[in-house]
Amino acid sequence: MRRTLLSLAFATSLALAAGASAQAADPVAIARQALDRMDAGDYAQVERTFGEKMAAAVPADKLKAVWESLPAQVGKATGRGEAVVSAQGDATLVKIPLHFEKAELVATFAIDGEGKISGFVVQPAQTAAPAPAVASDAAFLERDMMVGEGERALPATLALPKGDGPFPAIVLVHGSGPHDRDETIGPNKPFLDIARGLAAQGIAVLRYEKRTKARPQDFTGGTFGVDEETTFDAVHAVDALRKAEGIDPKRVFVLGHSLGGMMAPRIAAMSGHVAGLVLLAAPARPLLDIVIEQNRRLAVLDDGKTSDAERDAINALVQQVRSVRDAATDAAAKGPMGLSAGYWRSADGVDAVAEAQRVNLPMLVLQGARDIQVVDADWQRWKSAFHDDPAVAFKLFDRLNHLGIAGDGDGSLAEYQQPGHVDATLIDEVAAWIKRH
């Protein structure tokens, strides 16, 4: 599947609020008709079936940009699967599998009681099994928590070592996209591996559902930035962990993966109560530059060349980036992957290295040499900035990919669909570093 996790996550993040009072009469027919019309290019007609908030957030042109970007990245559509229907509050959810040449996706519609589409999202099909229960003889236990307060709070899991505390602890912060607490990607669950691996070594770990996964309705207005997506909730998570029974509030760390690593210094600065940072595959350069670079690199991975469709998609992406960076472009205008120019400006303005220098905390910087998303240029920028800082440690793993999973040969996105586990040596490095601090 020729696609970055960044672009995959963002292009499919048009999940919006469901609402209304009674169940729609034939929600499956409504959802299938919407897909038929999008396939036919009749986006204006689809927009007419949207609820008021949905139509404001995802007008026909934005819907067109997202839908028509799919073939260049996942190949031609080859069919659809059977719909699965469930209830969510007063709405009906309809999930329809979408088969493409290079990927399996799922379109999810929320249909309100008036038959209007009040939510829509396209996501990769999840193939991972549920997380296994913690063994009775494990050195830790898990318990449910909430991050934040009130109806906007996010479900979370605390892995807590058995025995007498207080324990050092760490918050796990996701990469881009609507991730669950295990950061499930295909059959893999990197955050589950890290959480249980560290807890078994005496370190408490808090992992939580990302807001774009648990509460996509919070983004219906379209005027959100990277802090609303990532930073603010991570700060709440640090606060919740510090207050949890059995935790040493002076030894709470943050481990950020990918986008989470880029935002980790800002999380620490905003919290004021973070003891140190672990950066796993953290971008060190402007995010928009990395997105273009990733798409160019991934276009040639399967056959060594860039097709006309891929070239057109990349050129369109470059033009969108230029528009985002033009101060004359309205913040509400659509940018790459259907997100607003305002969102991209908020992300593009993050200088993770400079923010890490200002926060001046102990750091452990981890990188896989087979990572095809966050690459050697980012690793070298981190090393150049902190190579002579005794409070910053670096570890490069020759066989690891972007998920911290070992493999051989050149890296590829296909690896993400192969079952694996985060390398035990990486987890040991993190555990030893935390214990030294």
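Look up: the structure comes first, before these words.
Here goes a summary of the coordinates provided. (Residues numbered from 1 in each chain as written. Predicted model: local features only at pLDDT ≥ 70, side-chain atom pairs only at ≥ 80, totals over all residues. Heavy atoms only, no water.)

## Considering the sheet that holds strand S13 (residues 392-397)
In sheet architecture, strand pairing relies on hydrogen bonds along the backbone and comes in two forms, parallel and antiparallel.
Okay, so step 1: One open sheet holds the eight strands; their spatial order is S6-S7-S9-S8-S10-S11-S12-S13, and the pairing between them is mixed. With partners counted over all chains shown, the strands left at the sheet margins are strand S6 (140-147) and S13, one partner each. Shown here is a sheet whose adjacent strand axes are inclined to one another by a mean of 20 degrees, direction ignored.
Okay, so step 2: Pairing geometry for strand S10 (residues 247-257) and strand S11 (residues 277-280), over four bridges, is parallel. When the bridges of S11 are listed, Leu-255 appears paired with Val-278.
Okay, so step 3: Taken strand by strand, helix H14 (residues 376-386) contacts S11, strand S12 (363-368) and S13, and its axis lies near 155 degrees from that of S13. (Pairing = 2+ DSSP bridges. Helix = DSSP H or I, 4+ residues; strand = E, 2+ residues; numbered from the N terminus. Axes fitted to C-alpha atoms, helices over the stretch in contact; angles between N-to-C directions. Contact = heavy atoms within 4.5 Å.)

## As for the packing of aromatic side chains
Okay, so step 1: Summed over all chains, the structure comprises seven aromatic pairs.
Okay, so step 2: On the numbers, 5.6 Å between centres and 70 degrees between planes, the contact of Phe-253 with Trp-433 is edge-to-face. Within this pair, whereas Phe-253 is found in strand S10, its partner Trp-433 is found in helix H15 (residues 424-436), the two being separated by 180 residues in sequence.
Okay, so step 3: The class for Phe-253 is buried, based on a relative accessible area of 0%.
Okay, so step 4: One aromatic cluster in this structure is built from Phe-219, Phe-224, Tyr-343 and Trp-344. (Phe/Tyr/Trp six-rings, centres within 6.5 Å; stacked < 30°, edge-to-face > 60°. Buried < 20%, exposed > 50% of the residue type's maximum accessible area, 1.4 Å probe, protein only.)

## Considering the pattern of salt bridges
Okay, so step 1: The final tally for this structure, using the stated rule, is 26 salt bridges.
Okay, so step 2: Of the charged contacts, one joins Arg-297 and Glu-293 as a salt bridge, the two residues approaching to 2.6 Å between their closest N and O atoms. With Arg-297 and Glu-293 both in helix H10 (residues 287-299) and four residues apart, this pair spans about one turn of that helix. (Salt bridge = Lys/Arg side-chain N within 4 Å of Asp/Glu carboxyl O.)

## Topic: unusual backbone geometry
Excluding glycine, most residues fall at negative phi; most peptide bonds, likewise, are trans.
Okay, so step 1: In the segment running from Gly-165 into Pro-166, the intervening peptide bond is cis, with an omega of 0 degrees.
Okay, so step 2: Locating Pro-166 in the fold gives a position in the loop between strand S7 (154-161) and strand S8 (167-173).
Okay, so step 3: Unlike most non-glycine residues, Ala-281 shows phi in positive territory, near 55 degrees.
Okay, so step 4: With respect to the element layout, Ala-281 can be found in the loop between S11 and H10.
Okay, so step 5: A residue is classified by how much of its surface remains accessible, and Ala-281, at 1% relative accessible area, is buried.

## Quick word on the environment of Gly-41
Okay, so step 1: Structurally, Gly-41 can be placed in the loop between helix H2 (27-39) and helix H3 (43-48).
Okay, so step 2: With 35 residues separating them in the primary sequence, Gly-41 and Lys-76 have C-alpha atoms 15 Å apart.

By themselves, these observations are geometric and do not establish any function.
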